[in-house]
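Here's the letter readout for the chains.
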Amino acid sequence: MPSWVDPVVRQASEAVGGPWGRHAATGRALFWTPLRVCLMFTSVVLALAWLKQAPCAAGDWSGSRQYTHFCYSDAVPLFGLYGLDQGALPYLDVRVEYPVLTGGLMAVAVALSRAYDGAAEAIGVLPDLPAVQSYTAVTCLLLSVCALLVTRATLGLTGRRPWDTALVALSPLLFVHAFTNWDLLAVALTTFGMLAWARSRPVVAGALFGLAIAAKFYPLLLLGVLFALCLRAGRLRQWAVTVGTATLAWAAVNVPVALAAPEEWAWFFVFSRERRANPESIWNMLLQASGGQLFDGPLAEGEVPSVLNTVVAVVMLALAAGVAGLALAAPLRPRLPQLAFLLLAGFLLFNKVWSPQFSLWLLPLAVLARPRWRSLLLWQATEVLVWMLTMLHYLGTANRGVEVEWFFLAVGLRDVALVVLMALVVRDVLRPDDDVVRASWPGVDDPAGGPLDGARDVVALRRSAPHRDPVPSPG
């Protein structure tokens, strides 16, 4: 019961009568199960997110409305920039800077919005909307489905702690960034891939991970995490099956597009290599502090930041080595979400691009790694602060925006909050008795571990703690 064990939930429960009573009936609800309650929470948050987004949906951004109302979304400007308003197909007719499956989601939204526009014109009863507004509304509906799927998959990964899912369903991060970009598609596929792995279905998990990588590249990191954990547990065969299936699923989506439009398909990789440090990255702050002289120095248009790319690559390799070392040296094998969160959080901290909505990638992993309300809400509060000051910084001081120093302060606070959260997860890994997931029920090992759950160590850098026979997770 969260209101018994978490001080934040206990305090918040006073608004509805206080903590759950000792004699209250549990597990007898016919309809309001934890899943349905969490889906309701998600729906409420998404409805509020749409109210925030609505002022920008029609494409009227006069007076810098996208910044003053904090409702910027990539879907609105890219609708015209990519020629989607003229029926252009991503990759086949126009190059886009996203992986193939994300472009596919754009194309689906265009097709559905055009169908709605045609029905509205023919029937005359439906509201007649500008094309960009119907496209934006359809995009938000599709992303809302993805958010509900994330909630469903997260609950399946919580084991005997289903109410931890409320940390995802009621997330301030979801409210702010649900409709900023198309990231929820990759998050949904990745979370369901983890759920398939948790249910010991490596083929299904690989297919879902492959599709997730076709939407965003970050799920590739989870395959690296699985390798380290499977190496320690001696389950490399399951890992190989998962990776092989993921490769086939990724190729099934990408190869036809690469053959039909090779240059447009390759643009994502070219753009990623040529891209400079974006404003929210630590590298941009270092560049600003050095007057633009650090790393590559001033760059001409189209020039590749080769020095920065090399530095980032070296730091990423060191990060991966550190996480792998932790996986093999911890007293007990870390849980999958713990190690995945650490690697992905470090990746975002040291990557040259950290767009604000990328933090959605961390949400289910952070909840599963350390389901504590206070630390997670404090981290997400800094994410909200970064978004607000990003919008006010882009607004410009001439329009009553903020100076760059305030923007950097918000980014720095966010980075510190994430580092603190990472340190708390590392502490739980090194002191597994403090891990709230493992301490909830006697013998619980890793509800998301699947073939790893309860497995004995085969390869380790130190002698492991005594093995505990796990209690099987429900479902």
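Quantities reported herein were computed from a predicted structural model and do not represent experimental measurements. (Residues numbered from 1 in each chain as written. Predicted model: local features only at pLDDT ≥ 70, side-chain atom pairs only at ≥ 80, totals over all residues. Heavy atoms only, no water.)

Colleague: How should the state of the cysteines be read in this particular structure?
Modeller: Under the criterion given, the structure shown has one disulfide. What pairs with Cys56 in a disulfide is Cys71, and their sulfur atoms sit 1.8 Å apart. One quick way to see it: the torsion about the S-S bond of Cys56 and Cys71 is about 55°, and its sign makes the bridge right-handed. Here Cys56, found in helix α3 (residues 34–57), pairs with Cys71, found in the loop between α4 (65–68) and α5 (75–81); they are 15 residues apart in sequence, far enough to count as distant. Here Cys56 falls in the buried class, since its relative accessible area comes to 1%. When its relative accessible area of 0% is taken as the criterion, Cys71 is described as buried. In this model Cys146 remains outside any disulfide bridge; the closest cysteine sulfur is found in Cys140, 12 Å from its own. Take Cys146: its relative accessible area is 7%, and that puts it in the buried class. (Disulfide = S-S within 2.5 Å. Helix = DSSP H or I, 4+ residues; strand = E, 2+ residues; numbered from the N terminus. Buried < 20%, exposed > 50% of the residue type's maximum accessible area, 1.4 Å probe, protein only.)

Colleague: How should I be thinking about empty space enclosed by the protein in this particular structure?
Modeller: One simple way to see leftover space: roll a probe sized like a water molecule over the atoms. With the rule as written, the count across this model stands at five cavities of 30 Å³ or more. Empty space within the largest cavity amounts to approximately 80 Å³. Around the largest cavity sit 13 residues that line it, and Leu157, Thr158, Arg335, Leu368 and Val437 are the ones nearest its centre. The residue makeup of the lining of the largest cavity, split by class, is eight nonpolar, one polar and four charged. Considering the residues around the second largest cavity, the lining is formed by Tyr91, Tyr98, Pro99, Val100, Ala214, Phe217, Trp250, Asn254, Trp265, Phe268 and Phe269. Every element with two or more residues in the lining of the second largest cavity is listed here: α13 (236–260) and α14 (262–274). Looking at the lining of the second largest cavity element by element, the count peaks at three residues for α14. For the lining of the second largest cavity, the residue count by class is ten nonpolar, one polar and no charged. (1 Å grid on protein atoms, 1.4 Å probe; cavity = no way out; pocket = protein on both sides within 12 Å on 5 of 7 lines; lining within 4 Å. Points joined across faces, edges and corners; volume = space filled by probe spheres on them. Nonpolar A, V, L, I, M, F, W, Y, C, P; charged D, E, K, R; others polar.)

Colleague: Any chance you could explain the pattern of salt bridges here in plain terms?
Modeller: As a working rule, side chains carrying opposite charge can pair if their charged atoms are close by. Applying the stated criterion across every chain, the model contains twelve salt bridges. One salt bridge in this structure joins Arg414 and Glu383, with 3.4 Å as the shortest N-O distance. Pair noted here: Arg414 is in helix α20 (residues 404–430) and Glu383 is in helix α19 (residues 373–395), with a separation of 31 residues, a long-range link. Between Arg431 and Asp434 there is a salt bridge; the shortest N-O distance is 2.8 Å. Within this structure, Arg232, Arg333, Arg438, Asp445 and Asp457 form a network of salt bridges that share partners. (Salt bridge = Lys/Arg side-chain N within 4 Å of Asp/Glu carboxyl O.)

Colleague: Could you clarify how one ought to interpret the packing of helix α12 (residues 220–233) against helix α16 (residues 306–329) in this entry?
Modeller: If you want to describe how two helices pack, look at the angle between their axes and the distance between the axes. Put simply, α12 and α16 touch, their axes get as near as 9 Å, and they point 25° apart. Judged on the interaxial angle alone, α16 and α12 are roughly parallel. Crossing angle aside, the handedness with which α12 passes α16 is right-handed. Here Ala228, Leu229, Leu231 and Arg232 of α12 come into contact with α16, specifically with Ala327, Leu328 and Ala329. Its residues assigned to classes, the contact of α12 with α16 comprises six nonpolar, no polar and one charged. (Axes fitted to C-alpha atoms, helices over the stretch in contact; angles between N-to-C directions. Parallel < 35°, antiparallel > 145°, perpendicular 65-115°, else oblique. Left-handed = near helix turned anticlockwise from the far one by under 90°. Contact = heavy atoms within 4.5 Å.)

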